[in-house]
Amino acid sequence: MDVNHVDLTISAVRPDQYPKTDYPEIALVGRSNVGKSSLTNTLINRKNFAHTSSQPGKTQTLNFYDVEDQLYFVDVPGYGYAKVSKKQRENFGQMIENYLTQRRQLRGVILLVDGRHAPTADDVQMYQWLSYYNLPILVVATKIDKVKPSQYTKVVKEVKTSMDFQDHQPLILFSATNKRGKDEVWHWIEKQTGVK
Ligand SMILES: Nc1nc2c(ncn2[C@@H]2O[C@H](COP(=O)(O)OP(=O)(O)OP(=O)(O)O)[C@@H](O)[C@H]2O)c(=O)[nH]1
Ligand SMILES: [Mg+2]
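Just so you know, these numbers come straight off a predicted model, no measurement behind them.

**A look at the overall build of the chain**
Piece 1. Within the chain, the regular secondary structure consists of five helices and seven strands.
Piece 2. The order of helices and strands in the chain, counted from the N terminus, is β-β-α-β-β-α-β-α-β-α-β-α.
Piece 3. For the chain, the proportion of its 196 residues judged to be buried stands at 49%.
Piece 4. When the accessible surface of the chain is totalled, it reaches about 10100 Å², and 47% of it is carbon and sulfur.

**Considering the pairing of strand β4 (residues 71–75)**
Piece 1. Burial of β4 is extensive: five of the five residues sit out of reach of the surface.
Piece 2. Alternating residues of β4 divide into L71, F73 and D75 and Y72 and V74, and every residue in both groups is buried.
Piece 3. Across four bridges, strand β2 (residues 25–30) lies against β4 in parallel orientation. Opposite I26, over in β4, you have F73 as the bridge partner.
Piece 4. Here strand β3 (residues 62–67) pairs with β4 via five bridges, running antiparallel. When the sheet's bridge partners are listed, F64 is paired in β4 with V74.

**Notes on the environment of E25**
Piece 1. Inspection of the secondary structure puts E25 in strand β2.
Piece 2. What makes E25 buried here is its relative accessible area of 0%.
Piece 3. When sequence neighbours within four positions are dropped, the list of residues in contact with E25 reads F64, Y72, V74, Y99, R103, Q105, L106, R107 and G108.
Piece 4. Within the local environment of E25, its side chain forms a polar contact with the side chain of R103, the two groups lying 2.7 Å apart.

**Comments concerning helix α3 (residues 121–132)**
Piece 1. Its 12 residues place the ends of α3 16 Å apart at the C-alpha level, agreeing with the 16 Å of an ideal helix rising 1.5 Å per residue.
Piece 2. Listed in full, the buried residues belonging to α3 are D123, V124, M126, Y127, L130 and S131. With its buried residues spanning 160° around the axis, α3 presents them on a single face. Set apart from the buried face of α3 by more than 90 degrees, the exposed residues are A121, Q125 and Y132.

**Points about the pairing of β3**
Piece 1. Counting buried positions over the six residues of β3 gives six, a clear majority of the element.
Piece 2. Side chains L62, F64 and D66 of β3 all project onto a buried face; the interleaved residues N63, Y65 and V67 project onto the opposite face, where all are buried too.
Piece 3. In sequence, β3 turns back onto β4 through a hairpin of three residues, with E68 there showing a positive phi of about 55°.

Calculation rules
Residues numbered from 1 in each chain as written. Chains lettered and ligands numbered in written order. Predicted model: local features only at pLDDT ≥ 70, side-chain atom pairs only at ≥ 80, totals over all residues. Heavy atoms only, no water. Helix = DSSP H or I, 4+ residues; strand = E, 2+ residues; numbered from the N terminus. Buried < 20%, exposed > 50% of the residue type's maximum accessible area, 1.4 Å probe, protein only. Areas by Shrake-Rupley, 256 points an atom, 1.4 Å probe, with all protein chains shown as cover. Pairing = 2+ DSSP bridges. Contact = heavy atoms within 4.5 Å. Polar contact = N/O pair within 3.5 Å; in protein donor to acceptor, adjacent residues only side chain to side chain. Expected span 1.5 Å × (residues − 1). Arc of directions from axis to C-beta.

Written as structure tokens, this is what we have:
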């Protein structure tokens, strides 16, 4: 998709604040600091539209990005961030769960894992949880510019093994720095949402 126009429609904390449109939605989930905002920025050809930071856990709301009045990217708060209070974490958890299980417009979930390391227990749990709800999942291994090409096969194998991938589960190696994998991610989004 050729993106020229993007809006942050709302940073929502409650379902009644979600957009009332029927646009298909793609959610981005993953641990804090894994690169969700960076992936969003790459997909929409912007440098820092979705705010990136070195401070993990910065995004604490469901951010709905309207792309070309055709679809929404929904940036979901990162899980597994130790420094938020237990109460805060429970609230995020509930909000994320409600959105992912009840949102009619949701067409797929991009699960980001850090390509430099083996998936964490949180990553594996999230994958299993999304699979249980039969949500279409695209796993994206981020920061792949930090990995030697000779290690790519190992990264793929590690992710697939630890998550016990279902048949045909797609996995894309991605870098926001050199844009590797961008077209493949867009291709998957277009297939899930029907937008071009
Ligand atoms: N080298 C490299 N760094 C990246 C890449 N993607 C993200 N980063 C860096 O990783 C840090 C976190 O990126 P974000 O995109 O803010 O991560 P996030 O998942 O949105 O984080 P939260 O909103 O806190 O959950 C930033 O310093 C980014 O510059 C990548 O592909 N390559
Ligand atoms: Mg973010």
